[in-house]
Amino acid sequence: MCGFVGYLSSSVTDAQVIKTMSDVIAHRGPDDCGYYDNGYAHFGFRRLSIIDVQEGAQPIYNATNDIVIIFNGEIYNYKELRSELIEEGYTFKTHTDTEVILHGYEAWGEEGVLSKLRGMFAFTIWDDNEKKLFGARDHFGIKPFYYTQIGDDFVFGSEIKSFLPYPTFKKEVNPQALKNYLVFQYNPLGETFFKGVHKLRPGHYFIFKNNKLTIKQYFKIELDYKDEGFEQTVANIDKEVEDSIRYHKRSDVEVGAFLSGGVDSSYVVAKAHVDKTFSVGFENKGFDETMYARELSKDLNIDNFTKMITPDEFFEGVQKVQYYSDEPHANLSAVPLYFLARMAREQVKVVLSGEGADELFAGYNDYEMPWLNRAYRVLPFWLRNWLYKKTKDLPHFHGKTIITKFGEKLEDSYIGLAKIMSDDEANDIVTSQYKNPVKASDLTRKYYDDVKDMDEVSKRVYLDMNMWIVEDILLKADKMTMANSLELRVPLLDKEMWNLARRIPPKYKVHNTTTKYAFREAARRALPEAWSKRRKVGFLVPFIKYIEQDKYYNIVKSMFNEPFVGRFFDVDKINALLDDHYHGVKNNGRKVYTIYTFLVWYSIYFVHNTVENSVQNAGVSHE
């Protein structure tokens, strides 16, 4: 919907500062801008008009103008909450969900209002009566929220890049982030790649008062199974999907939908009855599923818009992804998502998408249990572990994947859907300043401890809900769509959807080789059978093929040998990874991409100083 930035400071008082910071994130809200400044609290807001297009400008004030809010997101039950607040005597100047949060805070307090919200949100409220700042992030982390403290100043916003023009912000790389990023393909830490800048966790809120920051949790992911039988479970899913989509379609502008060849987005499209769908693919053979999207759209009498991405566009897109993501991000699918959002924005302002179903209903291929895997797991763990230790350093051979997968405890081996390198491999290629003794299992342990007595499917779901979906899936979804001034809504990742999914027993989520078992059965009621049965694929991206070609190999090779690279990496070792891939010795594609994307990010923010240069070129003074 929008983007915001703000700070609390008695010393940084130039009105131009907050305007400059706000302009950096104009892509999040090109329709309007607004500001608040009381000499200490400074707010900047960029608006993408979705609800109450004419009268919904922010910031919004209460009746006495002593409480003010800036808000990014959508509250899908705002009409019901608005009626409740009117009954309690509150009057409204707008028809926005923003004003509902504001009066909800007045009526119910911090935790009271958060308990009632259904939607995606990040917001801040300045309460001049109590001289405090209250901010919150939604239950699952659909919308981002960053903050930093600089002396007595507190700076916050939707994107880190908006902090860079702040006069006393010191831009430094967080040395703890790189090694972990090489393992996970995203930064799993609470502190970002910009030293001193932190992410507010999903389901958390904060109070900043008297120069003191207090953070509290208002929502926790919890699994609490209740067996209602398979048929009733399927019926419950179908009903909840339909209900959630009805809420998520609330909009004063047209809503379209992303559509891939998978069951999740197809189910959403079939239920939502949108008029337009959007799909992308690649020209390389085997990397295009747009034919499925076109076929389903035709069956449903929906217009489908499709784009094929060229190799040159892909490498252009890598630059865009690293700029808009704020931190290095190595999920290959972020690039096609950027182009998908750019195409969709030509037609609509809002799209629905299928994110969340794989986490809520156990849809990833790693969750399945083929018969050979089940048979191998009959062996005692000590034997499987012994075989793993004996073979883990050997070249790949037939059967090694199973030995590796089941030779360690889940808590030691599963870190989410992308494990790019081992801890040792990552430490081996970085320079001494960036080596890190913290293991991936150290970062996942706090989540595994919460579910230590549960089954493996539950453990995977719990970890992915707390890490993978937050730091990877939802981050790229927000950043790539908002980069194109497009709002993305995720009806399958909703508070009420979670209340249903968290009670569904694992046996209804994974059945032998079938993932999302009950969910697929529910989808079959709305889709042709082939769609409900289609195996999870995800965005297919041919980067590993591109860097086997001279042109694109040389693009990456050039970046690997930039003068600054030796600060972070053993240059000979990363070049060996690239060359071995190019010559067909070993598939190092994902490792190469993860290194490459970090270097692209660093060159944008620290070598070329993209944000600072754009501000300087605009003639902005921070004096």
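Above this text sits the structure in question.
Everything numeric here is computed off the predicted structure, so don't read it as measured data.

Cut-off values and rules
Residues numbered from 1 in each chain as written. Predicted model: local features only at pLDDT ≥ 70, side-chain atom pairs only at ≥ 80, totals over all residues. Heavy atoms only, no water. Core = buried A, V, L, I, M, F, W, Y, C linked by side-chain atoms within 4.5 Å. Buried < 20%, exposed > 50% of the residue type's maximum accessible area, 1.4 Å probe, protein only. Helix = DSSP H or I, 4+ residues; strand = E, 2+ residues; numbered from the N terminus. Salt bridge = Lys/Arg side-chain N within 4 Å of Asp/Glu carboxyl O. Phe/Tyr/Trp six-rings, centres within 6.5 Å; stacked < 30°, edge-to-face > 60°. Lys NZ or Arg CZ within 6 Å of the ring centre and 35° of its normal. Pairing = 2+ DSSP bridges. Axes fitted to C-alpha atoms, helices over the stretch in contact; angles between N-to-C directions. Contact = heavy atoms within 4.5 Å.

Student: Whenever I open this one, the nonpolar core confuses me. Can you help?
Tutor: Nonpolar side chains tend toward joint burial in soluble globular proteins. Counting residues in each nonpolar core, the largest one holds 190 residues, and the members touching the most others are Phe 123, Phe 314 and Phe 569. The element contributing the most residues to this core is helix α17 (residues 456-482), with 14 residues. The next biggest cluster of nonpolar side chains, apart from the first, holds 19 residues, and it includes Phe 4, Ala 41, Phe 45 and Phe 206.

Student: Looking at this model, I keep getting lost on the pattern of salt bridges. Mind explaining?
Tutor: Opposite charge on two side chains makes pairing possible when the charged atoms of those side chains draw close. Following the criterion strictly, the structure yields 39 salt bridges and no others. Note that Arg 250 and Glu 80 form a salt bridge whose closest N and O atoms lie 2.9 Å from each other. Separated by 170 residues along the polypeptide, Arg 250 in the loop between α5 (230-248) and β13 (255-258) and Glu 80 in helix α2 (residues 78-87) bring together distant segments of the chain. When its relative accessible area of 34% is taken as the criterion, Glu 80 is described as partly exposed. Across the salt bridge formed by Lys 276 and Glu 254, the nearest N and O atoms sit 3.5 Å from each other. Of this pair, Lys 276 sits in strand β14 (residues 276-282) while Glu 254 sits in the loop between α5 and β13, and the two are 22 residues apart along the sequence. Taking relative accessible area as the criterion, Glu 254 reaches 34% and is therefore assigned partly exposed. Taken together, the shared-partner salt bridges in this structure form one network comprising Arg 28, Lys 143, Glu 159, Lys 161, Asp 326, Asp 478 and Lys 479.

Student: Could you clarify how one ought to interpret the packing of aromatic side chains in this entry?
Tutor: Here the distance between the centres and the angle between the planes together describe a pair of aromatic rings. For the structure shown, the criterion picks out 59 aromatic pairs. Measuring from ring centre to ring centre gives 5.5 Å for Phe 278 and Phe 305, while their planes differ by 20°; the resulting arrangement is stacked. Here Phe 278, found in strand β14, pairs with Phe 305, found in strand β15 (residues 303-309); they are 27 residues apart in sequence, far enough to count as distant. The cationic tip of Lys 116 hangs over the ring face of Trp 108; the distance from NZ or CZ to the ring centre is 4.7 Å. Lying across the ring of Tyr 247, Arg 118 places its NZ or CZ 4.4 Å from the centre.

Student: Any chance you could explain the sheet that holds β13 here in plain terms?
Tutor: Sheet strands pair via backbone hydrogen bonds, and the direction of the pair is either parallel or antiparallel. What the five strands build is an open sheet, ordered β15-β14-β13-β16-β17; its pairing is parallel. For this open sheet the edge positions go to β15 and β17 (487-489), each flanked by a neighbour on one side alone. Here the average twist between neighbouring strands, direction ignored, is 30°. Here strand β16 (residues 350-352) pairs with β17 via three bridges, running parallel. Paired with Val 350 across the two strands is Glu 487, which belongs to β17. Packing of helix α6 (residues 263-272) onto the sheet brings it into contact with β13, β14 and β16, and relative to β13 it is tilted by some 155°.

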